[in-house]
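Structure assessment
Each chain, written out:
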Amino acid sequence: MPIEFNSLDAILNHGFDTVIDVRSPAEFAEDHVPGAINLPALTDAQRVGVGTVYKRISAFDGRKIGAAMVARNVADHIDGPLATKDGSWRPLVYCWRGGQRSGSVATILSQIGWRTEVVQGGYQTFRRLVNHALYDDPLPHRVVLLDGNTGTAKTAILARLAARGVQVIDLEGLAGHRGSLLGATAAGQPSQKAFETALAVALNGLDPARPVVVEAESSKIGRIALPPSLWVAMLAARRVVIEAPMQARAAFLTAAYADIIAEPDEVARRLAPLRNLRGHAVVDGWIALLRGGEFAALATALMVEHYDAAYTKSRRIDERDVIAVVQAQTLDEVGQDRAADAVMAALSGL
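The present account deals with the structure reproduced in this document. Just so it is clear, the model here is predicted, and its values are computed rather than measured. (Residues numbered from 1 in each chain as written. Predicted model: local features only at pLDDT ≥ 70, side-chain atom pairs only at ≥ 80, totals over all residues. Heavy atoms only, no water.)

Re the packing of aromatic side chains
- A complete count under the given rule lists three aromatic pairs for this structure.
- When the centroid spacing of 4.9 Å and the interplanar angle of 90° are considered together, the rings of Trp89 and Trp114 count as edge-to-face. In this pair, Trp89 sits in the loop between helix 4 (59–79) and strand 3 (91–94) while Trp114 sits in the loop between helix 5 (100–112) and strand 4 (117–118), placing the two residues 25 residues apart along the sequence.
- Here the aromatic rings of Tyr123 and Phe126 are separated by 6.3 Å at their centres, their planes lie at 50°, and the arrangement is tilted. Highlighted residues: Tyr123 and Phe126, both in helix 6 (residues 122–136), separated by three residues, approximately one helical turn. With respect to class, Tyr123 is no different from Phe126; both count as buried. (Phe/Tyr/Trp six-rings, centres within 6.5 Å; stacked < 30°, edge-to-face > 60°. Helix = DSSP H or I, 4+ residues; strand = E, 2+ residues; numbered from the N terminus. Buried < 20%, exposed > 50% of the residue type's maximum accessible area, 1.4 Å probe, protein only.)

What to know about the layout of surface pockets
- The space that makes up the largest pocket amounts to roughly 1,000 Å³.
- Along the walls of the largest pocket sit 38 residues, with Thr150, Lys154, Gly179, Ala216 and Glu217 positioned nearest its centre.
- Broken down by element, the residue count for the lining of the largest pocket peaks at seven residues, all from helix 16 (residues 295–317).
- Per-class residue counts for the lining of the largest pocket are 17 nonpolar, eleven polar and ten charged.
- The volume enclosed by the second largest pocket comes to roughly 690 Å³.
- Together, 18 residues line the second largest pocket, and Leu42, Val50, Arg97, Gln100 and Arg101 are the ones closest to its centre.
- Those elements giving two or more residues to the lining of the second largest pocket turn out to be helix 3 (44–56), helix 4 and helix 5. (1 Å grid on protein atoms, 1.4 Å probe; cavity = no way out; pocket = protein on both sides within 12 Å on 5 of 7 lines; lining within 4 Å. Points joined across faces, edges and corners; volume = space filled by probe spheres on them. Nonpolar A, V, L, I, M, F, W, Y, C, P; charged D, E, K, R; others polar.)

As for the sheet that holds strand 2 (residues 37–38)
- The parallel open sheet is built from four strands, whose spatial order is 2-1-3-4. Of all the strands in the sheet, the pair left with one neighbour each is strand 2 and strand 4.
- Pairing of strand 3 with strand 4 involves two bridges; the strand directions are parallel. If you follow Val93 over to strand 4, its bridge partner there is Val118.
- Here helix 5 sits on the sheet and contacts strand 1 (18–21), strand 3 and strand 4; the angle it forms with strand 3, its principal contact strand, is near 155°. (Pairing = 2+ DSSP bridges. Contact = heavy atoms within 4.5 Å. Axes fitted to C-alpha atoms, helices over the stretch in contact; angles between N-to-C directions.)

As for the pairing of strand 3
- Because side chains alternate across strand 3, one face comprises the buried residues Pro91 and Val93, and the other comprises Leu92 and Tyr94, equally buried.
- One ladder, built from four bridges, connects strand 1 with strand 3; its direction is parallel. Bridged to Asp21 within strand 3 is Tyr94.
- Viewed along the sheet, the connection from strand 3 through helix 5 into strand 4 turns out right-handed. (Right-handed = clockwise from strand over helix to strand, strands pointing away.)

Some thoughts on empty space enclosed by the protein
- One pass over the structure, following the stated rule, counts two cavities of 30 Å³ or more.
- Lining of the largest cavity is provided by 14 residues; of these, Leu182, Leu253, Tyr257, Ala299 and Leu302 occupy positions nearest its centre.
- Only helix 11 (246–256) and helix 16 provide two or more residues apiece to the lining of the largest cavity.
- Ranked by residue count, the leading element in the lining of the largest cavity is helix 16, at six residues.
- Broken down by class, the residue content of the lining of the largest cavity amounts to eleven nonpolar, three polar and no charged.
- What lines the second largest cavity is Ile20, Val22, Leu39, Val74, His77, Ile78, Leu82, Val105 and Leu109.
- With three residues, helix 4 is the largest single contributor of residues to the lining of the second largest cavity.

Some points on the packing of helix 4 against helix 5
- In the contact formed by helix 4 and helix 5, the axes pass within 10 Å of each other and the chain directions differ by 45°. Taken together, the axis directions place helix 4 and helix 5 in an arrangement best described as oblique. Both helix 4 and helix 5 take part in a crossing whose hand is right-handed. Contacts from Arg63, Val70, Val74 and Ile78 in helix 4 reach Gln100, Ser104, Val105, Ile108, Leu109 and Ile112 in helix 5.
- When its residues are assigned to classes, the contact of helix 4 with helix 5 shows seven nonpolar, two polar and one charged. (Parallel < 35°, antiparallel > 145°, perpendicular 65-115°, else oblique. Left-handed = near helix turned anticlockwise from the far one by under 90°.)

Regarding the nonpolar core
- Ile157 and Val343 are the most contacted members of the largest nonpolar core, which totals 42 residues.
- Within the residue set of this core, elements represented by two or more residues are strand 5 (142–148), helix 7 (154–163), strand 10 (238–243), helix 11, helix 13 (264–271), helix 15 (280–291), helix 16 and helix 17 (333–347).
- When residues of this core are assigned to their parent elements, the largest contribution, six residues, is made by helix 16.
- When near neighbours in sequence (up to four residues on either side) are disregarded, Val343 contacts Leu146, Ile157, Leu161, Val240, Ile242 and Val326.
- Counting residues in hydrophobic clusters, the runner-up holds 37 residues, among them Val19, Leu129, Phe195 and Leu226. (Core = buried A, V, L, I, M, F, W, Y, C linked by side-chain atoms within 4.5 Å.)

Let's talk about the pairing of strand 10
- Direction of pairing for strand 5 relative to strand 10: parallel, over a ladder of five bridges. In the sheet register, Gly148 faces strand 10, and the bridge partner there is Ile242.
- As judged from the six bridges shared by strand 10 and strand 11 (residues 321–327), these two strands associate in the parallel manner. Across the sheet, residue Ile242 finds its bridge partner in strand 11, namely Val326.

Set out below in structure tokens:
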């Protein structure tokens, strides 16, 4: 009988040697159970082809053609990635909804002698558990926001807090985006589903009795939307605010965005949408600083003429319960360490 998992914690702590996702590579790439390997029963092209035969000719012909393809693919997996597995190996197999693909693969593996089990409901079961954690119930965690203007090294300080044993979630890291107009990275962003899986797993590993520090963000990071339960918790959260002199912030941003400013044409392209908001003259001034290699001056101008104004406007709209304001005179390595220590001190009373 397929194994039924009734909680996210249960499926993440499944106890099997290997979790095998037998869906197509494209399905796997969009999202999958953490730690799973992809040994597809059908490739992307095969899946489309079988589906076409199934719908246009007959279900019987589709199943017959698909079965032959699955058998050949599983044979390749046995001769390849599974060739070194001994008789004690215990795999857990899943497909889209725990149907024919996972059943077919599991049957072959079981006939060899491996103690193979199938996830009841397949990936859809896992997805429901993630949705339940992020969409259905309020978060049990006590969220504290690390807040501050652009350039106050919040993400870097968050990493230092984690190294000191503080519970943190790096939303920008999970979303693959630095959260600003220039925040896109070369690696790109994960799918919305993959982000939510990573977030649900991160939350599942935290102690609800202890504070969880999250960087203050908007409801979207790049194209990734924050799930409702987290966003509601962030809106109600208490905050620790980082403040730093403009010169320190500009120096930090120049270093943090070195990869971006190394491509002036790309920076100019990303700044272009702000023409309608800030005006052509202002944006032309930014681009002139960029072309002239005056990166610290560009960072200062962006903060003064755009980011700080937007932040001030949002603060007028949104009331904040501030636990402490941390003054960071510098944002170099030493300054970040001092700021992290000050944040920890502010959290100690919670």
